Amino acid sequence: MERRSLAFTFFIYAAALLMAVVILAPLAWLFVMSISPAADLAAKPLRWWPHTADFSRYRLLLSTAENSAGAAFTASLRNSIEVAGMATLAALAVAVPAGWAVSRTPSVGWSLSMVIATYMLPPVALAVPLYMGLAHLGLLNNVFGLALVYLTLLAPFTTWLMKSGFDTIPREIEAAAMIDGASLLQTWRILTLPLSAPVVATSALFAVLLAWDEFFYALLFTSDQRAKTLTVAIADLAGGRVSDYGLIATAGVLAALPPVVIGLFMQRALISGLTSGGVKG
């Protein structure tokens, strides 16, 4: 086995530590802000750690009292979960068969390239036609309508990911199953889908994150708690003349928890999906 020098090993660990600090430092500061009294956040010089931890903002945002900030936040949290969930499931329902079709029929690969090219358009260019379409269907300020808009964003990306995953599955396996008498659906259920499970999980995670963090369309197509998502609700907290930066930080911490939990739960599948196809032998 190749032996690494002590200096190279030190460099690797130092680089990993530096990357962890760069990534985690903003999150740590966000949490510190969320438990800091308003006086500490406005103090000069800035206090990097509060004298007393204040968790009252968490109780405020997680309360369900009528017409309170907590009621608005929990409603937007529920809307984000519903919209991201519906959009992700719909995107996978489109991307899995579409990615397989493009992978197994390279001559139609141009269609996927054309769809991916829509990402070159700025979102504002699509805002008016999407708004008119939702208005015609009566889906403005509606979680289903917003999920439908997100589907147009997620489907091309997830299809591209699924196509890359299916490319790593040898066609000969599917052909052998069909020679043995398996139908196309049986081949999919028994061979193709289980082998592509890591890529499906990776696509689902990225789709959830994209839908969870989207702001522009959510701001345009929602107006109240019936469909307003977390990103818009957090922006509303900063929209007044006097902003409670600690409350905004608390909302950011709470909004980050669901994606983190999902990422930790799907960590093994995510790593497997991202490295799928990295080595072919």
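None of these values were measured; they are calculated from a predicted model.

Peer 1: For the overall build of the chain, give the residues involved together with the corresponding values.
Peer 2: A count of helices and strands for the chain gives 14 helices and zero strands. Projected onto the principal axes, the alpha-carbon positions of the chain cover approximately 75 × 65 × 30 Å. Taken over 281 residues, the chain has a buried fraction of 35%. The contacts of the chain with a sequence gap of at least 6 include a subset with a gap of at least 24, amounting to 71%. If you sum the accessible surface of the chain, you get close to 17,000 Å²; carbon and sulfur atoms cover 71% of it.

Peer 1: If you had to explain the layout of surface pockets to someone new, which residues and values would you point to?
Peer 2: Considered as a void within the structure, the second largest pocket measures approximately 350 Å³ in volume. Lining the second largest pocket are 14 residues; nearest its centre among them are Y119, L126, T152, L153 and Y217. Of all elements in the fold, only α6 (123-137), α7 (143-167) and α10 (197-213) reach the threshold of two or more residues within the lining of the second largest pocket. With four residues, the top contributor of residues to the lining of the second largest pocket is α7. Split into classes, the residues belonging to the lining of the second largest pocket amount to eleven nonpolar, two polar and one charged.

Peer 1: Please set out empty space enclosed by the protein residue by residue, giving values where relevant.
Peer 2: Enumeration over the complete set of coordinates arrives at one cavity of 30 Å³ or more. Roughly 40 Å³ of internal volume is contained in the largest cavity. When contributions to the lining of the largest cavity are tallied by element, the ones reaching two or more residues are α4 (69-104) and α10. For the lining of the largest cavity, the element with the most residues is α4, which contributes three residues. Partitioned by chemical class, the residues of the lining of the largest cavity number five nonpolar, two polar and one charged.

Peer 1: Kindly report on the environment of V128, identifying the contributing residues and their values.
Peer 2: Relative to the helices and strands, V128 is located in helix α6. Residue classification places V128 among the exposed positions, given a relative accessible area of 54%. As a C-alpha pair, V128 and R171 span 43 residues in sequence and 43 Å in three-dimensional space.

Peer 1: Let's hear about the packing of α4 against helix α9 (residues 184-195): which residues, and what values?
Peer 2: Contact geometry for α4 and α9: axes closest at 14 Å, N-to-C directions at 95 degrees. The orientation of α4 relative to α9 falls into the category roughly perpendicular. Residues V96, P97 and W100 of α4 pack against L184, W188, T192 and L193 of α9.

Peer 1: Give a description of the packing of aromatic side chains that names residues and reports values.
Peer 2: Enumeration over the complete set of coordinates arrives at eight aromatic pairs. Between the aromatic rings of F157 and F206, the centroid separation amounts to 6.1 Å while the plane-to-plane angle is 75 degrees, which identifies the pairing as edge-to-face. One end of the pair, F157, is in helix α7; the other, F206, is in helix α10, and 49 residues separate them in sequence. The partly exposed category is assigned to F206, whose relative accessible area is 30%. An aromatic cluster is present here, built from Y131, F216, Y217 and F221 joined pairwise through their rings.

Calculation criteria
Residues numbered from 1 in each chain as written. Predicted model: local features only at pLDDT ≥ 70, side-chain atom pairs only at ≥ 80, totals over all residues. Heavy atoms only, no water. Helix = DSSP H or I, 4+ residues; strand = E, 2+ residues; numbered from the N terminus. Buried < 20%, exposed > 50% of the residue type's maximum accessible area, 1.4 Å probe, protein only. Contact = heavy atoms within 4.5 Å. Areas by Shrake-Rupley, 256 points an atom, 1.4 Å probe, with all protein chains shown as cover. 1 Å grid on protein atoms, 1.4 Å probe; cavity = no way out; pocket = protein on both sides within 12 Å on 5 of 7 lines; lining within 4 Å. Points joined across faces, edges and corners; volume = space filled by probe spheres on them. Nonpolar A, V, L, I, M, F, W, Y, C, P; charged D, E, K, R; others polar. Axes fitted to C-alpha atoms, helices over the stretch in contact; angles between N-to-C directions. Parallel < 35°, antiparallel > 145°, perpendicular 65-115°, else oblique. Phe/Tyr/Trp six-rings, centres within 6.5 Å; stacked < 30°, edge-to-face > 60°.

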